Amino acid sequence: MAWRCSGSSNAGLVANLWTHGLITEPLVKEAFLKVDRRHYAPAMPYQDSPQSIGYDATISAPHMHASAIENVLSRLLPSETSPAPRVLDVGSGSGYLTHIFAELVGDRGLVVGLEHIRELRDLGEANMRKSDEGRRLLDEGRAKFVLGDGRLGWREAARPGEEQFGTAWDVIHVGAAAKEVHAPLLEQLKAPGCMFIPVDDDASGWDQSVWRIEKDEAGNVTKKKLFGVRYVPLTDAPKR
């Protein structure tokens with residue numbers, strides 16, 4: 001898949017992701033075009049492969065980011081029932097996907113990038129500030145980066161005037177492999193809401209699968225295994 005979707009520019013990369021069906025929605029394509037991956041990847045930004053960003057972390061391959069967005073899109077876009085979508089991006093790393101989420105949640109939406117390493121929290125915000133659009137989204141409060149343990153989720157108060165929409169998350173994206181679907185994440189998922197999370201299939205941590213977890217209006221939870229992956233683990237911050 002990777003060799004098909006790499007490009008020589010951001011537009012070329014996005015065009016290949018579109019042509020090969022990894023991006024299928026025009027709104028998603030537009031968001032990817034607005035966020036230039038060169039601001040987030042340290043080298044070869046338009047290659048469809050993961051890259052190290054330091055601190056035992058990576059920026060995922062673009063096709064994985066496209067898959068994540070498309071799998072949560074039904075809860076990500078503003079709607080009559082959820083005019084101010086709230087997104088928690090656990091393991092936000094480079095900040096790339098956090099920025100794309102912020103392009104899609106609308107003027108009243110909120111995206112929080114959660115990192116357990118201070119330097120990565122700072123890196124995500126610094127990367128997003130490289131573009132005029134990224135700075136605007138941060139300065140307007142549509143996106144922010146915080147420091148905390150992703151396994152515990154994040155409690156973010158509603159913004160003034162949005163209290164009626166609650167403090168749970170319409171979408172939770174996890175960018176590292178969890179040992180399990182941690183209870184605080186499931187508790188903080190809105191009803192209805194959707195989670196995209198890679199989980200270890202066995203105790204070794206070598207076999208992992210992405211799960212799409214949906215909570216309906218009544219709070220009933222359904223889980224669907226999507227595909228196998230290799231992610232860095234969702235763990236304590238490394239000792240330094």
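For the structure itself, consult the block above.
Residues numbered from 1 in each chain as written. Predicted model: local features only at pLDDT ≥ 70, side-chain atom pairs only at ≥ 80, totals over all residues. Heavy atoms only, no water.

Undergrad: Give me the lowdown on the packing of aromatic side chains, citing residues and values where you can.
TA: According to the stated counting rule, one finds two aromatic pairs in the structure shown. A cation sits over an aromatic face here: R37 above Y96, 5.9 Å from the ring centre. Above the plane of the ring of W169 lies R86, whose end atom (NZ or CZ) is 4.6 Å from the centre. (Phe/Tyr/Trp six-rings, centres within 6.5 Å; stacked < 30°, edge-to-face > 60°. Lys NZ or Arg CZ within 6 Å of the ring centre and 35° of its normal.)

Undergrad: Describe the environment of I53, and please don't skip the residues or the numbers.
TA: Mapped onto the fold, I53 is located in strand 1 (residues 51–54). What makes I53 buried here is its relative accessible area of 13%. With twelve residues separating them in the primary sequence, I53 and A41 have C-alpha atoms 7.5 Å apart. When near neighbours in sequence (up to four residues on either side) are disregarded, I53 contacts Y40, P42, T58, I59, G93, S94, L120 and L123. (Helix = DSSP H or I, 4+ residues; strand = E, 2+ residues; numbered from the N terminus. Buried < 20%, exposed > 50% of the residue type's maximum accessible area, 1.4 Å probe, protein only. Contact = heavy atoms within 4.5 Å.)

Undergrad: Kindly report on helix 3 (residues 26–34), identifying the contributing residues and their values.
TA: Residues lying three or four places apart along an α-helix face the same way, a consequence of the helix completing one turn every 3.6 residues. Listing the buried residues of helix 3 in full gives V28, A31 and F32. All buried residues of helix 3 project into a common sector of 100 degrees when viewed along the axis, lining one side. As for helix 3, its buried residues are in contact with helix 2 (10–19), helix 4 (62–76) and helix 5 (96–104). (Arc of directions from axis to C-beta.)

Undergrad: I'd like to hear about helix 4, residue by residue, with values.
TA: Taking the largest bend as the criterion, helix 4 deviates by roughly 35 degrees, centred on E70. Counting buried positions along helix 4 gives twelve out of 15 residues, so the element sits mostly inside the fold. Turning to helix 4, its buried residues number three or more, namely P62, H63, M64, H65, A66, S67, A68, I69, N71, V72, L73 and L76. (Bend = angle between axes of the 7 residues up to and from the residue.)

Undergrad: Please give an account of the pattern of salt bridges that cites residues and values.
TA: For the structure shown, the criterion picks out 19 salt bridges. Across the pair K179 and D200 runs a salt bridge whose closest N-O atoms are separated by 3.5 Å. Here D200 lies in strand 7 (residues 189–200) and K179 lies in the loop between strand 6 (169–174) and helix 8 (183–188), a separation of 21 residues in the sequence. A relative accessible area of 54% means that K179 is categorised as exposed. The class of D200 is buried, set by a relative accessible area of 12%. Sharing partners across several salt bridges, the network here consists of R121, D122, E125, R129 and D139. (Salt bridge = Lys/Arg side-chain N within 4 Å of Asp/Glu carboxyl O.)

Undergrad: Lay out empty space enclosed by the protein in plain terms, naming residues and giving numbers.
TA: Vacant regions in the atomic arrangement are exposed by a probe of water-molecule size rolled over the atoms. Across all of its chains, the model carries one cavity of 30 Å³ or more by this definition. By volume, the largest cavity amounts to about 70 Å³. A84, R86, R108, L110, A158, R159, E162, F165 and G166 together form the lining of the largest cavity. Here the lining of the largest cavity is composed, by residue class, of four nonpolar, one polar and four charged. (1 Å grid on protein atoms, 1.4 Å probe; cavity = no way out; pocket = protein on both sides within 12 Å on 5 of 7 lines; lining within 4 Å. Points joined across faces, edges and corners; volume = space filled by probe spheres on them. Nonpolar A, V, L, I, M, F, W, Y, C, P; charged D, E, K, R; others polar.)

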